[in-house]
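Coordinate inspection notes
Here's the letter readout for the chains.
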Amino acid sequence: MRKQIAAANWKMNLSFQQAEGLLNQLLANPTAPGANQYVVLAVPAPYLHLAKQKTNDAVNMHVAAQNIYSKKSGAFTGETSVEMLQSMGIDYAVIGHSERREYFNEDNTLLGDKVKICLEYNITPIFCCGEALYIREVEGQNDYVTGQLQDSLFDLSADKIKKVVIAYEPIWAIGTGKTATSLQAQQMHAHIRSQIAKSYSPEVADQVSILYGGSVKGANAKEIFTQPDVDGGLVGGASLNAAEFIQIVQALK
Ligand code: PGA
């Protein structure tokens, strides 16, 4: 059974005090995620320790880094390593968010290395993919996303790719209030799954969780999450509001 995941991406937002307040609000919520449902909080690096300490006893709740570096350790000023995460008990990391790709020039090869080092350290990578608007306008989205998967993921072994979580985030829907329709999300998720099936097998493809990201809100989460190939969401803006994010967690299948 595929994991159903509601992942929050706080991005570069919130003061330490605000982060603490939001964590407290989320933890005060009496509705814990169900048996196969997971909440993952991708918090800014300075708050990882706080988030991990606070959520330690919460059921099915994990903390994620928003980025890691592709090397184990060394003279890489300003970077966060998987060794550091592992030593803190952090077991998820977002890899290749479109903002990393666009503003920090992270390419498919580097992102493939980041995925590999995460897996080496038992950290679940949430690998982001998705097309820009100009690509969708010429209906090039399927080929574009296939290229991202092929270049970064498809040299992994079958055992390893099963451990990757994929987040499909069409760039035109991120932070714009413009959500893909549930049909557009389902079509792309089915496409991604078919590509995994083609490169590995249908059994492997059936075990990979694929999240949708891009203006997910409390009001639209249910419709998107009920699509057969959508296994939850990666949520930016709406995850900064506890009530809104809790509604999204409750919309998991
Ligand atoms: P959004 O961001 O929910 O604010 O559109 C999603 C993301 O970038 O992960």
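What counts and how
Residues numbered from 1 in each chain as written. Predicted model: local features only at pLDDT ≥ 70, side-chain atom pairs only at ≥ 80, totals over all residues. Heavy atoms only, no water. Phe/Tyr/Trp six-rings, centres within 6.5 Å; stacked < 30°, edge-to-face > 60°. Helix = DSSP H or I, 4+ residues; strand = E, 2+ residues; numbered from the N terminus. Buried < 20%, exposed > 50% of the residue type's maximum accessible area, 1.4 Å probe, protein only. Core = buried A, V, L, I, M, F, W, Y, C linked by side-chain atoms within 4.5 Å. Contact = heavy atoms within 4.5 Å. Arc of directions from axis to C-beta. Near = heavy atom within 4 Å. Polar contact = N/O pair within 3.5 Å; in protein donor to acceptor, adjacent residues only side chain to side chain. Areas by Shrake-Rupley, 256 points an atom, 1.4 Å probe, with all protein chains shown as cover. Nonpolar A, V, L, I, M, F, W, Y, C, P; charged D, E, K, R; others polar. Salt bridge = Lys/Arg side-chain N within 4 Å of Asp/Glu carboxyl O.

Summed over the entire model, instances satisfying the criterion amount to 4 aromatic pairs. When the ring of F16 is compared with that of Y47, the centres are 5.8 Å apart and the planes differ by 70 degrees; the resulting orientation is edge-to-face. Highlighted residues: F16 in helix α1 (residues 16–28) and Y47 in the loop between β2 (37–42) and α2 (48–55), separated in sequence by 31 residues. F16 sits in the partly exposed class, given a relative accessible area of 36%. Each ring, one from F154 and one from Y200, has its centre 5.8 Å from the other, and the planes form 80 degrees; the classification is edge-to-face.

A separate point is the nonpolar core. Ranked by size, the top nonpolar core spans 68 residues in total, and within it L153, I166 and I192 carry the most contacts. Excluding residues that lie within four positions of it along the chain, I192 makes contacts with C129, V145, L149, I166, Y168 and I210.

Taken together, the buried positions of α2 are L48, L50, A51 and T55. The arc that holds the buried residues of α2, viewed along the axis, is 165 degrees, so those residues lie on one side. In this structure, the buried residues of α2 make contact with α1, β2, β3 (61–65) and α3 (82–88).

Before going further, it helps to spend a moment on the site of the ligand. In the vicinity of the ligand there are 13 residues, among which K11, H97, E169, G175 and S215 approach most closely. A distance of 2.7 Å separates an oxygen atom of the ligand from a polar backbone atom of S215. Between the ligand and G236 there is a distance of 2.8 Å, counted from an oxygen atom to a backbone nitrogen or oxygen. Relative to its unbound accessible surface of 280 Å², the ligand loses 95% to contact with the protein. Split by residue class, the shell around the ligand holds 4 nonpolar, 7 polar and 2 charged.

Inspection of the secondary structure assignment puts H189 in helix α9 (residues 182–199). Exposure remark for H189: the relative accessible area of 0% places this residue in the buried category. In this structure the side chain of H189 is engaged in a polar contact, spanning 3.1 Å, whose partner is the backbone oxygen of D229. Sequence-distant contacts of H189, that is, excluding residues within four places in its chain, are made with Y168, I210, L211, Y212, D229 and V230.

Before going further, it helps to spend a moment on the pattern of salt bridges. All chains considered together, the criterion is met by 11 salt bridges. D206 serves as the salt-bridge partner of R2, at 2.8 Å between the closest nitrogen and oxygen. Of this pair, R2 sits in the segment before β1 (4–9) while D206 sits in the loop between α10 (202–205) and β7 (210–213), placing them 204 residues apart in sequence. Residue class for R2 comes out buried when judged on its relative accessible area of 14%. The closest approach of N and O atoms between R193 and D231, which form a salt bridge, is 2.9 Å. Of this pair, R193 sits in helix α9 while D231 is found in the loop between α11 (218–225) and β8 (232–235), placing the two residues 38 residues apart along the sequence. Each member of the pair R193 and D231 is classed as buried.

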